[in-house]
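What follows is the residue order along each chain.
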Amino acid sequence: MKVERELMRGAGPVAVLKLLERQEMYGYELVERLSTQSGGVLAMGQSTLYPMLYALEGKGLIKSVWRDDAERPRRYYRLTDKGRKRLASDTEQWQRVIQAMQALGIAGTPRAASCSHPLAGGAA
Amino acid sequence: MNNEPTSDRPSPGVVHLAHTTPLSDAIQGRLTGRLDIALACDRAGLPPSIRELVLQTAQATRLWRVERADVAHELIAHFRDGIEAGRTPDELIAAFGESLVAARLIRRAKKQSRPLSWKLWILLWKSIGALLVLSILLYLILFIRYHTGSPVVKVNPIATLNAPALSIPTEERAWNRYKLAISAYTKPHDDLMLPGAQWPHIPADSPYRDLALATLEANRPALEHVHAAAAMPRSATSSASRSNQTLPGPIMAVKSRRSMTPIGPTTRPRSASCSPRSESSESSRISSCSTRCSRESNTTPHVWL
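First things first, this report covers the structure right here in the doc. Nothing here was measured: the structure is a model prediction, and the numbers come from that model.

**Side note on the pairing of strand 3 (residues 72-79) of chain A**
All names here are of chain A. In terms of burial, strand 3 is largely enclosed, as six of its eight residues are buried. When strand 1 (residues 25-26) meets strand 3, the two strands line up antiparallel, connected through two bridges. Bridge pairing links Y26 to Y76 in strand 3.

Dropping the structure here:
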């Protein structure tokens with residue numbers, strides 16, 4: 001199930017920043033990771049992903065570089081220091097939202113939530 | 001849909017490559033032709049449907065040439081990765097979404113990444129444009145108003161000026177009495193105007209003294225009016241009562257000088273005017289004469305005007 005557009009607008013950038021936290025990735029890799037690690041929930045079309053990447057780069061949260069390492073050039077994205085700070089801030093905010101949702105009975109228990117969300121656990 | 005890779009395009013010439021090579025590559029001595037998106041698609045061996053999608057998206061962004069090529073190369077890499085991962089072109093196109101939507105979003109995001117100097121430059125031109133439009137609009141409004149409207153007097157400044165004077169009760173308006181005094185004023189005899197008469201400083205033994213006293217006597221009614229006017233608290237000067245004026249003239253409400261101190265023989269003459277400076281000199285003359293009258297009984301030797 002895919003999330004609504006408005007929700008995706010808030011969750012998408014955080015998810016991308018989280019994926020780039022440990023290693024740099026190129027566009028298609030990000031698309032695949034987002035889809036597989038979120039169980040398809042955060043899968044987004046490339047028409048959404050690339051503008052998001054450019055916007056994050058414009059804000060200085062990520063940085064891109066062209067590399068010719070794998071037979072052909074690919075554009076790799078990595079997190080900047082500013083992006084790490086933003087990710088930490090956004091993560092904290094999302095945790096509060098999740099706690100609030102749990103308190104309202106909308107989300108599951110914290111234990112269940114942490115186990116069921118691939119991005120929070122075994123992303124590496 | 002024909003999804004076979006196409007590479008039947010002839011190799012580009014040096015001139016074309018030079019024309020489509022960004023300056024950064026040219027400086028390094030490489031003719032990459034990186035700005036030619038179609039060439040990049042051909043070199044990548046993309047299926048025609050994907051090639052078309054990439055070209056369409058890149059063109060629709062309406063970005064700078066270098067930015068457009070950058071986006072196109074990334075999309076080419078993306079689709080090549082997808083094909084290598086075993087996805088069909090149709091699947092990749094479907095997963096990509098609307099190309100025009102993507103182009104619009106990419107354009108918006110890329111413009112945010114442009115240098116501050118460019119943003120300031122655009123802001124400057126937009127401001128100039130807005131100012132120009134506003135000026136033209138304002139000019140048009142004023143032009144239409146000038147040619148279609150007619151002036152309407154909404155404020156009567158004379159009425160505003162008159163208001164303080166009109167608020168004074170009629171019986172307290174000194175100016176009415178001054179006007180009566182002016183009407184009753186009699187000019188001095190012509191002989192008094194002769195240099196030898198020393199008018200108005202007439203000595204007690206002057207042959208013109210009787211003539212001067214007669215003049216003063218003739219002006220007694222006027223002087224009485226002046227006295228009465230001077231006793232009033234305010235002048236309420238108005239020329240609005242002039243019958244030959246359509247609009248009332250300036251009206252001044254001033255406090256009249258009540259200190260009509262009798263003038264002694266050696267004191268300098270003071271202005272005995274009970275009205276402002278703009279009032280006629282006739283009234284001041286009469287006022288001075290009133291002083292003279294008040295002192296007749298004291299047989300003062302000089303009359304100061």
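That shown, we press on.
**Here we look at the interface of chain A and chain B**
Tallying the contact residues gives 20 residues for chain A and 25 residues for chain B. Buried surface at the junction of chain A and chain B, summed over both partners, amounts to about 1,900 Å²; 52% is from carbon and sulfur atoms. A per-residue breakdown of the area chain A buries against chain B is headed by Y28, Y54 and R72 of chain A, which together make up 37% of the total. Here R75 of chain A makes a salt bridge to E74 of chain B, at a shortest N to O gap of 3.2 Å. Summed over the shared surface of chain A and chain B, the number is 10 residue pairs in polar contact (both at pLDDT 80 or more). When residues of the side of chain A that touches chain B are traced back to their parent elements, those giving at least two are helix 2 (27-37), helix 3 (46-58) and strand 3 of chain A.

**Description of the pattern of salt bridges**
Inspection of the entire model under this criterion finds 13 salt bridges over all chains. We note a salt bridge from E57 of chain A to R75 of chain A, for which the minimum N-O separation is 3.6 Å. Here E57 of chain A is found in helix 3, whereas its partner R75 of chain A is found in strand 3, with 18 residues between them in sequence. Residue class for R75 of chain A comes out buried when judged on its relative accessible area of 6%. One continuous salt-bridge network, built from bridges that share partners, spans E57 and R75 of chain A together with D70, E74 and K110 of chain B.

**Some remarks on the nonpolar core**
For soluble globular proteins, the rule of thumb is that nonpolar side chains tend to be buried together. With 51 residues, the main nonpolar core has V16 of chain A together with V54 and F79 of chain B as its most contacted residues. Ignoring sequence-local partners within four residues, the contact set of V54 of chain B consists of I37, C41, L46, A72, L75, I76 and F79 of chain B. Of all hydrophobic cores here, the second largest spans nine residues; its members include Y178, A222, V226 and M232 of chain B.

**So, unusual backbone geometry**
Residues and elements named next belong to chain B. Note the cis peptide between W199 and P200, where omega equals 10°. Relative to the helices and strands, P200 is located in the loop between helix 10 (174-184) and helix 11 (209-218). Of note, the phi angle at R62 is positive, near 55°, even though the residue is not glycine. Of note, R62 is situated in the loop between helix 4 (48-61) and helix 5 (65-84).

The rules behind each value
Residues numbered from 1 in each chain as written. Chains lettered and ligands numbered in written order. Predicted model: local features only at pLDDT ≥ 70, side-chain atom pairs only at ≥ 80, totals over all residues. Heavy atoms only, no water. Buried < 20%, exposed > 50% of the residue type's maximum accessible area, 1.4 Å probe, protein only. Helix = DSSP H or I, 4+ residues; strand = E, 2+ residues; numbered from the N terminus. Pairing = 2+ DSSP bridges. Contact = heavy atoms within 4.5 Å. Buried area = accessible area lost by both parts, 1.4 Å probe. Salt bridge = Lys/Arg side-chain N within 4 Å of Asp/Glu carboxyl O. Polar contact = N/O pair within 3.5 Å; in protein donor to acceptor, adjacent residues only side chain to side chain. Core = buried A, V, L, I, M, F, W, Y, C linked by side-chain atoms within 4.5 Å.

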